[in-house]
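Results of the structural survey
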Amino acid sequence: MGGALDVNEFVAGYLVEVEEHLSASMANLLAVEAALRAGESSPRAIRELFRALHTIKGLSAMVGVEPIVDLAHAMETVLRAADRAAGSLSASSIEVLLRGLRSIEERARALAEGKPVLPAAPELLAALTALDLAAAPSPPVPTIGADPEILAKLGPGERVQLAQGVAGGRRALRVDFVPSPARTAEGVNITTVRERVGKLAEIVKVVPLSVPASDGAPGGIVFALLVLTSAPDEEVARAAAADGVRALTVEPPVPPAVAALAEREPDEPADREPQLRGVVRVEVARLDDALDKLSALVVTRFRLARAAAELRARGVDTRDLSEILREHDRTLRDLRGAIMRARMISVAELLERVPLVVRGLGRATGKQVRLEIDAGKAELDKAVAERVFPAIVHLLRNAVDHAIEPPAERRRLDKPEEGVVRVSCFERSSNQLELSVADDGRGIDRALVARRAGRPAPESDAALLDLITLPGLSTLDQATKTSGRGLGMDIVRRIAVEQLSGELSVSTSPGAGTTFTLRIPLTLTIVDAFSFLCGDQLFVTPVAGVEEVMEIDAARILRGPAPGQARGGTMLPALGEARGGTMLPAPGEARGGTMLPAVGEARGGILLIERRGEVVPLVDLGALFELGASPARRALVVRRHGAPFAFGVTRVIGQQEVVVRPLEDPLVRVPGVSGSTDLGDGRPTLVLDLVTLSGRLSAGRGGRGALVRGAS
């Protein structure tokens, strides 16, 4: 084996590792800061932060990125000083450590972009060196009742963690796992035991102990798991494949203090399993390539189905071919699911940087803000995640800068000085995610927004949203570093509605707070869609945007001539008068948050159709797009801002998977058209965004000409 080692081969893997450890370090440092504000300690977060920095230093030294080595080493020195002093990290030291993490992140990004990696800033290194942690008083060490060989391997941090857990009402237990060839053959090893026990308890330490070889311990080794749990002893023992558990006595309870770290340089513990076992890292470009190949297969399937249909039309027996096609469809759908799952990332991972964003906004505005995140187990495509994150950041800026009141004002209003911003999300269906950003601030002043916009005060939340998303509109007299230029909400609308073909809504209450809600698709490239005809023209629209496909009953349609005008010898009631117990709103009047277009404004006329006791605006798509006079027999019902809107079509052909190709050229982009697809005939088929189209019609901008003008 000859030749010099080229470290550039390892740079890609190094950057991924550093990114993961930096993300964990940021989260742990913020956890330490939160514990400090609450007067509590966070020994586990301190230990994990120390381990992450130690790993970053070792990886950086391996590939020769010396500036990052210097920064990580200086930060380790701060934590070792905290260990020797047995004191807590001060607020100033946390701020300097955070600057150090950001500096490491900047240099890792420069390396990824092929730019020169600048040396560590001397003033930052000096600030890390000058941190005065020695003055912190040493807390008493908790007494742990355990065997001497266990105590010898317990650091101060683990002792503090056990004491805190007991003080919080959990039990401290020792459970032993004895590996054996028989258990290994069954797939039971220390890794699987840690995973199973970790679901029931917090694992504080795994201590490997040497014992005499025997029938009970053929390998001469026992793993002692020290855990904190509220689960029954029997469940913990069963998860660890052990005969029983032993209780640990912990006295006295630890006072609030940050735990000290071990004196020795923390080598990778023997009980710590490799973090990436069972995980294969794949570049996003490779996943994109696999998705492109899958897209080509989907189009080929359409072509194959068309060819089979033509053979049947000529009288050829295609029963065997049809069975193969059905099996091919199932396999292709499974393959699509597998590739999409590989592209999915958890929303919790997407929101990892949100606490840091809110912390910075709070410090910049001088406001106290508590962030609550409820991400659950929701996942979405990485491409969608990258697009939606800037919208989340703008909503957070809006909440902290505009909505949350300063502490003095909150005291005057009998509110807690600390404002609350809550980010939550869940999957509404198999192909749509709902994400909301809520605050407990002052709410949106409708009159102020109207004055700034030079328009009448909006009566509904939907009309208010139309105003606050106007480009350049801001309620601040002077722009700040975080907001005030009137671009944030317009950007949010463009991302959610135009780029992601989703929906944006707002709910606000004076003095109680505001909630912005985004409903976005989980993926954009391959979607389930309805195909339908308007006249002789074929269109598709995503299934996620359609609430219902209904048959149009001519007897339940109210056409829109001038109020009171005779039709077929029958005098129709004026719009707004009662008809069968249902109030019909006047033209242009809001109903359920949706503005009804003026009668006859869109080409082909606006109709109203009754659906289970509610009146729904109905637009004939064929007439709107001037595609002929074929009567509309079916209606696709969508919702915008919670209110229904129906589009009449000639015939619904069916539901199928389609590959959406976005329209990138701004000269051909039209509101209501999100892209194109190929259904196997070699011709492009337009993908309609009916929710956006209903919004433009509801605003009174009907007709094909208006849509085209709106695109420019």
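Predicted, not measured: the structure shown is a model, and the values here were computed from it. (Residues numbered from 1 in each chain as written. Predicted model: local features only at pLDDT ≥ 70, side-chain atom pairs only at ≥ 80, totals over all residues. Heavy atoms only, no water.)

**Here's the deal with helix α11 (residues 284-313)**
The following threshold applies: Where helices and strands are cited, they refer to DSSP runs of H or I of at least four residues and of E of at least two residues respectively, numbered from the N terminus. Here, expected helix span is obtained from the residue count minus one, scaled by 1.5 Å. The rule is simple: take the accessible area with a 1.4 Å probe, protein chains only, and divide by the maximum for that residue type; under 20% is buried, over 50% is exposed, in between is partly exposed. Residue contacts are counted whenever heavy atoms from the two residues lie within 4.5 Å of one another.
Over its 30 residues, α11 extends 44 Å from the first C-alpha to the last, a length consistent with the 44 Å expected when each residue adds 1.5 Å. Buried within α11 are the following residues: Leu287, Leu291, Leu294, Ser295, Val298, Val299, Arg301, Phe302 and Ala308. In this structure, the buried side of α11 is in contact with α12 (319-343), β14 (526-534), β28 (651-659) and β29 (673-678). Looking one or two residues beyond α11, the residue adopting positive phi is glycine 315, at roughly 90 degrees.

**Some thoughts on the packing of aromatic side chains**
Here is the rule: Ring pairs are drawn from Phe, Tyr and Trp, using the six-membered ring of Trp, whenever the two centres fall within 6.5 Å, and their geometry is named by plane angle: stacked under 30 degrees, edge-to-face over 60, tilted for the rest.
Enumeration according to the criterion identifies three aromatic pairs in this entry. Ring centres 5.2 Å apart and planes at 40 degrees place the aromatic pair phenylalanine 645 and phenylalanine 647 in the tilted group. The residues phenylalanine 645 and phenylalanine 647 share a single accessibility class, namely buried. Grouped by ring-pair contacts, the aromatic residues Phe532, Phe539 and Phe625 constitute a single cluster.

**Examining the confidence of the model for the protein chain**
In low-pLDDT segments, the atomic positions of the prediction should not be examined closely. Condition: The pLDDT value tells you how sure the predictor is about a given residue, anywhere from 0 up to 100.
Of all residues in the protein chain, 79% attain a pLDDT of 70 or more, and the chain-wide mean is 76. Between residues 1-7, whose pLDDT stays under 50, and residues either more than four places distant or in other chains, the model counts three contacts.

**Observations concerning unusual backbone geometry**
We note that alanine 241 has phi near 55 degrees; this positive angle belongs to a residue other than glycine. On the secondary structure map, alanine 241 appears in the loop between α10 (233-239) and β5 (245-247). Assessed through its relative accessible area of 22%, alanine 241 is described here as partly exposed. Even without being a glycine, aspartate 414 presents a positive backbone phi close to 60 degrees. With respect to the helices and strands, aspartate 414 occurs in the loop between α16 (407-412) and β10 (419-429). The class for aspartate 414 is exposed, based on a relative accessible area of 73%.

**Description of the side chain of lysine 415**
The residue lysine 415 is located in the loop between α16 and β10 in this model. Assessed through its relative accessible area of 17%, lysine 415 is described here as buried. Once residues within four sequence positions are removed from consideration, lysine 415 is found in contact with Glu405, Arg410, Asp440, Gly441, Arg442 and Gly511.

**Examining the nonpolar core**
When a protein is soluble and globular, its nonpolar side chains tend to lie buried together. Here is the rule we go by: Buried residues of nine kinds, namely Ala, Val, Leu, Ile, Met, Phe, Trp, Tyr and Cys, make up a nonpolar core once their side-chain atoms join them within 4.5 Å.
Core analysis: the biggest nonpolar cluster contains 49 residues, and Leu380 and Leu396 have the highest contact counts within it. Here this core takes 11 residues from helix α15 (residues 382-403), the largest share from any one element. Excluding its chain neighbours within four sequence positions, the residues that come into contact with leucine 396 are Val354, Val357, Val358, Leu361, Val421, Val423 and Val437.

**Let's talk about the pairing of strand β25 (residues 614-620)**
Rules: In this description, strands pair whenever DSSP reports at least two bridges between them.
Counting buried residues in β25 gives five out of seven residues, a clear majority hidden from the surface. Here β25 runs beside strand β27 (residues 643-649); their pairing, made up of three bridges, is parallel. Pairing of valine 619 across the sheet is with phenylalanine 647, part of β27.

**So, helix α19 (residues 488-499)**
Between the first and last C-alpha of α19 there are 15 Å, a value that for 12 residues agrees with the 16 Å anticipated at 1.5 Å per step. Looking only at α19, the buried set comprises Met489, Asp490, Val492, Ile495, Ala496 and Val497. Phi turns positive one or two residues past the end of α19, at serine 501, with a value near 55 degrees.

**As for the packing of helix α1 (residues 11-37) against helix α14 (residues 354-365)**
Here is the rule we go by: Whenever a helix is involved, its axis is fitted only over the stretch in contact; in every case the axis is a line through C-alpha atoms, and angles between N-to-C directions fall within 0 to 180 degrees. If an angle is under 35 degrees, it is roughly parallel; if it is over 145, roughly antiparallel; if it lies from 65 to 115, roughly perpendicular; otherwise it is oblique. In this scheme, a crossing is called left-handed if the near helix is turned counterclockwise away from the far one by less than a right angle; it is called right-handed if the turn is clockwise. Lys, Arg, Asp and Glu make up the charged group, whereas Ala, Val, Leu, Ile, Met, Phe, Trp, Tyr, Cys and Pro make up the nonpolar group; the residues left over, Gly among them, are polar.
Closest axis-to-axis distance for the α1/α14 pair is 10 Å, and the angle between their directions is 50 degrees. By the angle between their axes, α1 is oblique relative to α14. In the packing of α1 onto α14, the handedness of the crossing is left-handed. For the pair α1 and α14, contact is made by Met26, Leu30 and Glu33 and by Pro355, Leu356 and Arg359, respectively. When grouped by side-chain class, the residues that make up the contact of α1 with α14 number four nonpolar, no polar and two charged.

**Some thoughts on the side chain of threonine 650**
To be explicit about the condition: What qualifies as a polar contact is a pair of N or O atoms within 3.5 Å, subject to a donor-acceptor requirement within protein and to the restriction that residues adjacent in sequence count only when both atoms come from side chains.
Note on placement: threonine 650 falls in the loop between β27 and β28. Judged by its relative accessible area of 14%, threonine 650 falls in the buried class. A distance of 2.8 Å separates a polar atom in the side chain of threonine 650 from the backbone nitrogen of glycine 535. Excluding residues within four positions of it along the chain, threonine 650 makes contact with Leu533, Cys534, Gly535, Ser630, Pro631, Ala632 and Arg633.

**Section: the sheet that holds strand β4 (residues 221-229)**
Spatially, the four strands line up as an open sheet ordered β3-β4-β2-β5, and their pairing is antiparallel. Looking at the sheet topology across the chains shown, the edges are occupied by β3 (201-210) and β5. Averaged over neighbouring strand pairs, the angle between their axes works out to 25 degrees when direction is ignored. Where β3 and β4 come together, nine bridges link them in antiparallel fashion. Each residue of the ladder has a partner; that of proline 208, found in β4, is phenylalanine 223. Of the strands in this sheet, β2 (171-177), β3 and β4 touch helix α9 (residues 190-198), which is tilted by about 150 degrees from β3.

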